[in-house]
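What the coordinates show
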Amino acid sequence: MTFVNILWSDRAFGGAEIYAKKLDLEFSSLTVSLKNLPLKGWVYLIRDILLKRNRYIFHDLRASALNIFFPFRHNICVIHGPGKNLFFTNFMIFFLSYIARNVVLVSDSMASKNFNSRVKIVNNFSSNGIVADLTSKNAIYFGRIEKTKRIEEMIYFWISRPNSGVLHIVGGGSLLET
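This text gives an overview of the structure that appears in the document. Treat the numbers as computed from the prediction; the structure is a model and nothing was measured. (Residues numbered from 1 in each chain as written. Predicted model: local features only at pLDDT ≥ 70, side-chain atom pairs only at ≥ 80, totals over all residues. Heavy atoms only, no water.)

**A few points about the overall build of the protein chain**
Scanning the protein chain for helices and strands turns up five helices and eight strands. In sequence order, the secondary structure elements of the protein chain are arranged as β-α-β-α-β-α-β-α-β-β-β-α-β. Going through the 178 residues of the protein chain one by one, you find that 34% of them count as buried. Taking contacts inside the protein chain between residues at least 6 apart in sequence as the whole, the part at least 24 apart equals 57%. Here the protein chain displays about 11200 Å² of accessible surface, and carbon together with sulfur accounts for 60% of that area. (Helix = DSSP H or I, 4+ residues; strand = E, 2+ residues; numbered from the N terminus. Buried < 20%, exposed > 50% of the residue type's maximum accessible area, 1.4 Å probe, protein only. Contact = heavy atoms within 4.5 Å. Areas by Shrake-Rupley, 256 points an atom, 1.4 Å probe, with all protein chains shown as cover.)

**A closer look at the sheet that holds strand β5 (residues 102–105)**
Taken in spatial order, the six strands make up an open sheet running β2-β1-β3-β4-β5-β6, and their pairing is parallel. Two strands bound the open sheet, and with one partner strand each, they are β2 (30–33) and β6 (119–121). Averaged over all neighbouring strand pairs, the angle between strand axes comes to 25 degrees, with direction disregarded. As paired elements, strand β1 (residues 3–7) and strand β3 (residues 55–59) share four bridges and run parallel to each other. Along β3, the bridge assignment pairs Ile6 with Phe58. (Pairing = 2+ DSSP bridges. Axes fitted to C-alpha atoms, helices over the stretch in contact; angles between N-to-C directions.)

Next comes the structure, spelled out in structure tokens:
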């Protein structure tokens, strides 16, 4: 039985993508992106889930929603962030905690509610071993460059700070296309 990471995103990097790549390396798992999956891929995926051929790890809320159609399997849902609507995120975590084997939150800041024992916190390890130099004035943002991430506010804040070092921004997204 193989672990299969299911993500909505088809990006090369981002929080969920790094997390899935780490699991790929640690557990020899596979990763499937739902965003541009052809119909034939959906058919194979649903068949495999129904036949319990693999263990599935659903990443982010959109991929985890697929787990709703296959309740009480030994699947794991990983929620990487609070999403755009905290109420909806909390509802999904609560609901998924009753139908999935485990729901993993990648930050204890997301665990503001008392969820049941199937909700686990495994802090995000997407820094890949990078350790901050607290004496440096430089900073790095690594992730999606999207309006929802409020990158522009971060840049304006950084510019307003006197003697701030260099702000490195690494990532991809729709703001780069405008």
